[in-house]
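# Summary of the model geometry
Chain residues, written in single-letter form:
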Amino acid sequence: MRLKNKAAIVTGASGEIGSAVALALAAQGAAVAVAYHRDAKSANKVAGQVKKSGGKAFALPVKVSDHESVEVMVQKTLELFGRVDILVNNAGVLKDRLMMLMSDEEWQEVLDVNLKGTFNCCRAVLKPMVAQKSGRIINVSSASAYRGVAGQTNYAASKAGIDGLTRALVQEVSRYGIQVNTVAPGLIESEVTAGLTTDYRKMIPLGRFGKAAEVARVVAFLASDEASYIQGQTIVVDGGLTT
Amino acid sequence: MAARTTQRLKKMIVEQLNLDRDPDQIPDDEFLFKKGLGLDSLDSLEIIVGIEREFNVSITRKNLKKPEEVFSTIGSLAAFVDKLASEK
């Protein structure tokens, strides 16, 4: 139980990776705020699963691009758990389209959710983390920030932005015992990747898509004391796709 | 009220930031940064959470509109704290 007595917030926790992260943190003893946007049913299922195993969790709807909604999320977590030790910024959207055809809205929404959402959530936990002089922030980026994919200029820009944000934030908060790192998943088994027509497996040295649990384990590691000297790094979990 | 706030602030800053200074010897118009108390901008994060704890006030982006002015001297910071306390 490496995360006993810790309180965590996971955004986008109703999706494949987010729910796996919430469950992995809870399995290590963390109390978890399961933040979701649309899929209340899945989020409640994740929170229920945690509680059934004897852990603490609650699900709450959050719009990460809206700073007021994010502040409510952090306030609620502080009220129920008394602290915030871990923030996992996992919420994200895809609006793929070739740049020449991409609308302003498609560009903006992806930047608003993925990048501004990460900014909003990080900013909202800083005060409690500075006050307690400890904290772990794990941002979820993407292999797409390193290996260009046609149709993902918005997504790649937002995810590369998260990497930059991580490294700059480290310079602001390290002295307060706050560690900020990024996990960049590659192609992970999900509804989205199940619908892909191109056989991307040929591009992946390990020859398969990853599993959400394989990403979640890295996030749980970065949240634990085992990662006490890892700061401002991006750990790519992609089976070798970007090599 | 202002004199007492100033004194509490000096003591809090010296203690929280482990400064090698006697709080009673710090003038009210001492600058917080550079050649004054020698703090850097990142220390202001700790001062903010320290003020909230010490004075039971909330510092937000809405009430801290001009951080550079507020975090200029001990005196300017004390005036800001008094203003927040009076608005509670």
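In what follows, the structure referred to is the one given above.
Description of the structure in this document. (Residues numbered from 1 in each chain as written. Chains lettered and ligands numbered in written order. Predicted model: local features only at pLDDT ≥ 70, side-chain atom pairs only at ≥ 80, totals over all residues. Heavy atoms only, no water.)

## Overview of the state of the cysteines
All names here are of chain A. If you walk through the whole model with that rule in mind, you get zero disulfides over all chains. Left unpaired, C121 is separated from the closest cysteine sulfur, that of C122, by 7.2 Å. Residue classification places C121 among the buried residues on the basis of a relative accessible area of 0%. A residue is classified by how much of its surface remains accessible, and C122, at 3% relative accessible area, is buried. (Disulfide = S-S within 2.5 Å. Buried < 20%, exposed > 50% of the residue type's maximum accessible area, 1.4 Å probe, protein only.)

## Points about the packing of helix α4 (residues 104-132) of chain A against helix α2 (residues 43-55) of chain B
In the contact formed by α4(A) and α2(B), the axes pass within 9 Å of each other and the chain directions differ by 85 degrees. By the angle between their axes, α4(A) is roughly perpendicular relative to α2(B). Facing α4(A), whose interface residues are K127(A), V130(A) and A131(A), α2(B) presents L45(B), E46(B), I48(B), V49(B), E52(B) and R53(B). (Axes fitted to C-alpha atoms, helices over the stretch in contact; angles between N-to-C directions. Helix = DSSP H or I, 4+ residues; strand = E, 2+ residues; numbered from the N terminus. Parallel < 35°, antiparallel > 145°, perpendicular 65-115°, else oblique. Contact = heavy atoms within 4.5 Å.)

## Some remarks on the sheet that holds strand β2 (residues 31-36) of chain A
Residues and elements named next belong to chain A. Read from one edge to the other, the open sheet built from seven strands follows the order β3-β2-β1-β4-β5-β6-β7, with strand pairing classed as parallel. Edge positions in the open sheet fall to β3 (57-61) and β7 (234-237), since each of these has one partner strand only. Adjacent strand axes in the sheet meet at a mean angle of 15 degrees, parallel and antiparallel pairs treated alike. Sitting on the sheet, α4 is in contact with β1 (7-10), β4 (86-89), β5 (135-140) and β6 (178-185), with an inclination near 175 degrees to β4. Along the sheet, helix α5 (residues 153-173) makes contact with β5, β6 and β7, crossing β6 at roughly 165 degrees. (Pairing = 2+ DSSP bridges.)

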